Amino acid sequence: MEPNRFGDIAAFVSAVKAGSFTAAGASLGLTRSAVGKSIARLEARMAVRLLNRTTRKLSLTDEGLVAFERWQQILDDLDEVDTTMAQRRGKPTGTLRLTAPLSFGQRHVLPILDRYLKQWPELRADIRFTDRYVDLVEEGVDVAVRIGAPKEDSQLLTRTVAWQQFVTCAAPAYLAAHGTPQVPADLYGHDKIAFLVGEKSSPWRFRTEAGLHLCEEPGRLNIDSSEAMLDGARAGFGLIHLPTYITGDDLRAGTLVEVLHEYRPPADPIRIVYPSKRHLSPRVRGFIDLLVASWEDGVPWED
């Protein structure tokens, strides 16, 4: 086999996945021209056209589809050999690519990741703390921490590691001045600090004997930052409805007081999500194991 053939195959598979020569080149550290030449060499060697090219997109020919499926499997098998060898070494190396919700990730995932990196000095990490949905396969992310029920996706594996519990609370000074709500309906007319999603504030959920009750009245103050909401509540501006992983320290310290405890909504799962592969790399497996071990005897944000 010619020495550069695997490189040409990798360029072809990357171009199909990325949808352009430019994007494939960026992922491989090559120029757009180099990717195009690699694919041209493959087509010349096989005497078939693999791709239909237009100014806007690439599409596979029938022959190209057959070649793509076979070559992608070959490259996946090569990756598996690399992973197997790494597992035999048992030493996390390379770059761990991780995503987690903004506030939760900064407060509770980052300290665990810090311990992990200190344990393995040769390991690096790329982190995306964001509340947007990250497509792990499309964006090349190894593992995500997500909150809420899983979506149907055969490419992903998921494991519940903790629970998100929303609570309603306010500063003692606010409650002393405005009274303490006894039932969810009492919230109407109270000063509320609500989480802003787009143009609307997120509704507050409560579990009642009649079923799930939603308080959809906009807040007096609507903010797109849960940390800023927390600061506003501490200052006595009004009530907030946030998870205990944000409010826990203040509730324990007494700077915030929970109300409507008996109407807490159902808890939401906090999950580890990762692409379904036959073998996880040591860096991914090691991080998952550390995260699970850190929370299996109780999470730090609950009493």
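Residues numbered from 1 in each chain as written. Predicted model: local features only at pLDDT ≥ 70, side-chain atom pairs only at ≥ 80, totals over all residues. Heavy atoms only, no water.

The protein carries the name LysR family transcriptional regulator in an unreviewed UniProt entry, which gives Pseudomonas fakonensis as its organism. Checking UniProt for the protein, the heading Sequence similarities (unreviewed entry) contains the comment "Belongs to the LysR transcriptional regulatory family." (UniProt positions renumbered as here; feature names shortened; annotations may be inferred.)

**Student:** Mind showing me how you'd approach the overall build of the protein here?
**Tutor:** For the protein, the count of helices and strands is 10 helices and 15 strands. Taken over the C-alpha trace, the protein has a radius of gyration of 25 Å; the compact-globule value for 303 residues is 19 Å, which it surpasses by more than 25%. Residues classed as buried in the protein amount to 40% of the 303 residues present. Across the protein, contacts joining residues at least 24 apart in sequence account for 73% of those joining residues at least 6 apart. Accessible surface, the protein as shown: approximately 16,600 Å² in total, 51% of it carbon and sulfur. A gap of 8 Å separates the mean positions of the 37 positive and 40 negative side-chain charges of the protein. (Helix = DSSP H or I, 4+ residues; strand = E, 2+ residues; numbered from the N terminus. Rg over C-alpha atoms; globule rule 2.2 N^0.38 Å. Buried < 20%, exposed > 50% of the residue type's maximum accessible area, 1.4 Å probe, protein only. Contact = heavy atoms within 4.5 Å. Areas by Shrake-Rupley, 256 points an atom, 1.4 Å probe, with all protein chains shown as cover. Lys, Arg positive; Asp, Glu negative; His and termini not counted. Charge placed at Lys NZ, Arg CZ, Asp CG, Glu CD.)

**Student:** Would you explain helix α2 (residues 21-28) in this entry?
**Tutor:** Residues three or four positions apart in an α-helix share a direction because the helix packs 3.6 residues into each turn. Those residues of α2 not exposed but buried are Phe21, Ala24 and Gly25. What you see down the axis of α2 is that its buried residues fit within an arc of 100°, all on one side. Facing away from the buried side of α2, by more than 90 degrees, are the exposed residues Ala26 and Ser27. On its buried face, α2 is in contact with α1 (5-18), α3 (32-46), β1 (51-53) and β2 (58-60). Sitting at the amino-terminal end of α2 is Ser20, which places a side-chain oxygen 3.0 Å from the backbone nitrogen of Ala23. Immediately beyond the C-terminal end of α2, within one or two residues, lies Gly29, with a positive phi of roughly 75°. (Arc of directions from axis to C-beta. Polar contact = N/O pair within 3.5 Å; in protein donor to acceptor, adjacent residues only side chain to side chain.)

**Student:** Help me understand unusual backbone geometry, please; the structure alone is not making it clear to me.
**Tutor:** Note: most residues except glycine have negative phi, and most peptide bonds are trans. At Ala47, a residue that is not glycine, the phi angle is positive and equals roughly 60°. Note that Ala47 resides in the loop between α3 and β1. Positioned with a positive phi, Leu260 is a non-glycine residue whose angle comes to about 55°. Looking at the element boundaries, Leu260 is found in the loop between β14 (257-259) and β15 (268-275).

**Student:** Even after reading the chapter, I still don't get the nonpolar core, so can you show me in this structure?
**Tutor:** Core analysis: the biggest nonpolar cluster contains 39 residues, and Ile240, Phe287 and Trp295 have the highest contact counts within it. Examining the composition of this core, we find that seven residues originate from one element, helix α10 (residues 282-295), more than from any other. If near-sequence neighbours (up to four positions away) are discounted, Trp295 is found in contact with Phe104, His108, Ile112, Val161, Ala162, Pro300 and Trp301. Ala15, Phe21, Ala24 and Phe68 belong to the second-largest nonpolar core, a separate cluster that totals 16 residues. (Core = buried A, V, L, I, M, F, W, Y, C linked by side-chain atoms within 4.5 Å.)

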